[in-house]
Amino acid sequence: MAEANIEALYHAQIKPLPVPERLRLLAMMAQDLAHPVADVAPELTIEDHLAQANYHGGTLFTTVDEVDAYIRTERDSWEP
């Protein structure tokens, strides 16, 4: 199905272009293929991270003080 769409696009819109324009299009496509954009997940905001978080036994911290207390407790448990 996609092949038919590409064929139709080529014959309807690309082939009628003047040769210099088709060469320009070819160069653009080659450039795009040479440097593809990676499928990168969008960067998450801090709010997104917090919404996805599963901290402190499954409850989300609601204040900075709660986070600080939790980190302090964890850090203290590491020290002999």
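Residues numbered from 1 in each chain as written. Predicted model: local features only at pLDDT ≥ 70, side-chain atom pairs only at ≥ 80, totals over all residues. Heavy atoms only, no water.

A. Molecular detail of the overall build of the protein chain. Summing up its helical and strand segments, the protein chain has four helices and zero strands in all. When the elements of the protein chain are put in sequence order from the N terminus, they spell out α-α-α-α. Looking at the protein chain as a whole, 2% of its 80 residues qualify as buried. Accessible surface, the protein chain: about 7500 Å² in total, of which carbon and sulfur atoms supply 61%. (Helix = DSSP H or I, 4+ residues; strand = E, 2+ residues; numbered from the N terminus. Buried < 20%, exposed > 50% of the residue type's maximum accessible area, 1.4 Å probe, protein only. Areas by Shrake-Rupley, 256 points an atom, 1.4 Å probe, with all protein chains shown as cover.)

B. How the structure looks around the pattern of salt bridges. Tallied over the full model, the rule gives one salt bridge. Linking R24 and E21 is a salt bridge whose minimum nitrogen-to-oxygen distance equals 3.3 Å. Of this pair, R24 and E21 both sit in helix α2 (residues 19-34), three residues apart, which is roughly one turn of that helix. With a relative accessible area of 36%, E21 lands in the partly exposed category. (Salt bridge = Lys/Arg side-chain N within 4 Å of Asp/Glu carboxyl O.)

C. Region of interest: the layout of surface pockets. In this model, the largest pocket occupies a volume close to 180 Å³. The wall of the largest pocket is formed by I6, L9, Y10, I14, R22, L25, L26 and M29. The set of elements that each furnish at least two residues to the lining of the largest pocket consists of α1 (2-14) and α2. Of the residues that constitute the lining of the largest pocket, the class distribution is seven nonpolar, no polar and one charged. (1 Å grid on protein atoms, 1.4 Å probe; cavity = no way out; pocket = protein on both sides within 12 Å on 5 of 7 lines; lining within 4 Å. Points joined across faces, edges and corners; volume = space filled by probe spheres on them. Nonpolar A, V, L, I, M, F, W, Y, C, P; charged D, E, K, R; others polar.)

D. Spotlight on a nonpolar patch on the surface. A grouping of V19, L23 and L26 is seen on the molecular surface, where their side chains present a nonpolar patch of about 290 Å² in accessible area. Note on placement: V19 falls in helix α2. Note on V19: relative accessible area 48%, which makes it partly exposed. (Patch = residues over 30% accessible without salt bridge, like charges linked within 9 Å, V, L, I, M, F, W, Y side chains within 5 Å.)

Just geometry here; none of it tells us what the structure is for.
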